[in-house]
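Structure at a glance
Here is how the chains run, residue by residue.
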Amino acid sequence: MARHVSRRRRDEPRTAWKIVLVLWIVFIWVHSMIPGPASSEESMLVVRIVQPLFRIFGVADTDLMQLIIRKGAHFSEYAVLGTLAVIALQPRIAVPLWPAVLTVILWVAVPSADEYIQLHVPGRAGMLTDVFIDMAGFAVGALITLLVRRIVEARERALAERERRARKERAAQYRRRARERAYERAGKPLPTPQRQRHSGPRHAPGVPVVPRGKHERIEVVSQDSRKRFEERTRG
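Residues numbered from 1 in each chain as written. Predicted model: local features only at pLDDT ≥ 70, side-chain atom pairs only at ≥ 80, totals over all residues. Heavy atoms only, no water.

Moving on, we come to the pattern of salt bridges. The tally for this structure, following the rule as stated, stands at five salt bridges. Lys71 is paired through a salt bridge with Asp130; the nearest N and O atoms lie 2.5 Å apart. In this pair, Lys71 is assigned in helix 3 (residues 62-89) and Asp130 in helix 5 (residues 128-186), connecting sequence segments 59 residues apart. A salt bridge links Arg165 to Glu161, with the shortest nitrogen-to-oxygen separation between them at 3.2 Å. Linking Arg165 with Glu161, this pair stays in helix 5, spanning four residues, or about one helical turn. When salt bridges with common partners are traced through the structure, they connect Glu161, Arg164 and Arg165 into a single cluster. (Salt bridge = Lys/Arg side-chain N within 4 Å of Asp/Glu carboxyl O. Helix = DSSP H or I, 4+ residues; strand = E, 2+ residues; numbered from the N terminus.)

Encoded structure:
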């Protein structure tokens, strides 16, 4: 029961992001239904706002400003779409195949449908170049989001490892102090740590090893010890 509740809580943010993704697609398509004159008027309003910035870079042609604004709007709104698609459909770097396939479908289908809608809007025209601009914006937004996510996840893993080591060190210190207090209460001196002895046979490099039985090995350090071993086994 608790596992189902925690899983549902973990999936709630993904559901919210999916809703935001769908609403953004609807916004893009509805914005494409605006007739040509109204869309041009909207672009000119933005041009008048950012015209001083264009003049800094030596752009004085109003038509060129309007073209840059319109194509930049295509690119930016699809960059946002790519970001939302990665966040909503791919919550981790390693994901099953179907979210990646669905992301690719959105990458192709949404801009194609967008330009198809504009073919039936007065004063608008669906262009193949706009499809490519939209797909480029989607790809840039998705790649930037994946890169940022990889950096954040790597940092989170490093912090988690650091915290794990700190907890392990605190636990070791707690056990050591508890042991010291126990010896103090018993009135006994704390034993000095002894060097741990090697339990298995020590084999020097190049020294032959003679097996005896199934699990034992006897190392022969010289010819004299080999002879004594053979005499003992014969007797």
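Next comes the rest of the description.
There is about 440 Å³ of room inside the largest pocket. Going through the elements one at a time, helix 1 (2-32), helix 2 (36-56) and helix 3 are the ones with two or more residues in the lining of the largest pocket. With seven residues, the single largest contributor to the lining of the largest pocket is helix 3. Grouping the constituent residues of the lining of the largest pocket by class yields eight nonpolar, nine polar and six charged. (1 Å grid on protein atoms, 1.4 Å probe; cavity = no way out; pocket = protein on both sides within 12 Å on 5 of 7 lines; lining within 4 Å. Points joined across faces, edges and corners; volume = space filled by probe spheres on them. Nonpolar A, V, L, I, M, F, W, Y, C, P; charged D, E, K, R; others polar.)

Once that is clear, we can look at the nonpolar core. Counting residues in hydrophobic clusters, the biggest one holds twelve residues: Leu21, Ile25, Ile28, Tyr78, Leu81, Leu84, Ala85, Ala88, Leu89, Leu106, Val110 and Phe138. Every element with two or more residues in this core is listed here: helix 1, helix 3 and helix 4 (97-119). The biggest single contributor to this core is helix 3, with six residues. Residues contacting Ile28, with those up to four places away along its chain left out, are Glu77, Tyr78, Leu81 and Asp114. Membership of the second largest hydrophobic core comes to five residues, among which are Phe54, Val59, Met65 and Ile69. (Core = buried A, V, L, I, M, F, W, Y, C linked by side-chain atoms within 4.5 Å. Buried < 20%, exposed > 50% of the residue type's maximum accessible area, 1.4 Å probe, protein only. Contact = heavy atoms within 4.5 Å.)

Here we come to a nonpolar patch on the surface. Taken together, the side chains of Phe75, Val140, Ile144, Val148 and Val152 make up a nonpolar region of the molecular surface, amounting to roughly 380 Å² of accessible area. No other element matches the four residues that helix 5 contributes to the nonpolar patch. Mapped onto the elements of the fold, Val140 is located in helix 5. (Patch = residues over 30% accessible without salt bridge, like charges linked within 9 Å, V, L, I, M, F, W, Y side chains within 5 Å. Areas by Shrake-Rupley, 256 points an atom, 1.4 Å probe, with all protein chains shown as cover.)

Once that is clear, we can look at helix 3. A rise of 1.5 Å per residue sets the reference length of helix 3, with its 28 residues, at 40 Å; its end C-alpha atoms lie 40 Å apart and thus fit the reference within 8%. Here helix 3 starts with a cap whose side-chain oxygen sits 3.2 Å from the backbone nitrogen of Asp63, and that cap is Asp61. (Expected span 1.5 Å × (residues − 1). Polar contact = N/O pair within 3.5 Å; in protein donor to acceptor, adjacent residues only side chain to side chain.)

With the rule as written, the count across this model stands at one aromatic pair. A ring pair is formed by Trp24 and Phe27, whose centres lie 5.0 Å apart and whose planes are at 35 degrees; its orientation type is tilted. Here Trp24 pairs with Phe27, and both are found in helix 1, just three residues apart, close to one helical turn. With a relative accessible area of 23%, Trp24 lands in the partly exposed category. According to the relative accessible area criterion, Phe27 is partly exposed, its value standing at 39%. (Phe/Tyr/Trp six-rings, centres within 6.5 Å; stacked < 30°, edge-to-face > 60°.)

Okay, the packing of helix 4 against helix 5 next. Running from amino to carboxyl end, helix 4 crosses helix 5 at an angle of 145 degrees, the nearest separation of the two axes being 9 Å. Handedness of the helix 4/helix 5 crossing: right-handed. Counted together, Thr103, Leu106, Trp107, Val108, Pro111, Ser112, Asp114 and Glu115 of helix 4 and Asp130, Val131, Asp134, Met135, Phe138 and Ala139 of helix 5 form the full contact between these two elements. (Axes fitted to C-alpha atoms, helices over the stretch in contact; angles between N-to-C directions. Left-handed = near helix turned anticlockwise from the far one by under 90°.)

The subject of this paragraph is the confidence of the model for the protein chain. Scored by pLDDT, the protein chain comes out at a mean of 78, with 74% of its residues at no less than 70. Segment residues 206-221 is flagged for pLDDT under 50; beyond a separation of four residues in sequence, or across chains, it makes 21 contacts in the model. (pLDDT = per-residue confidence, 0-100.)

Among the surface-exposed residues, Arg176, Arg177, Arg181 and Arg185 lie close enough to one another that they form a single positively charged patch. Assignment of secondary structure puts Arg177 in helix 5. (Lys, Arg positive; Asp, Glu negative; His and termini not counted. Charge placed at Lys NZ, Arg CZ, Asp CG, Glu CD.)

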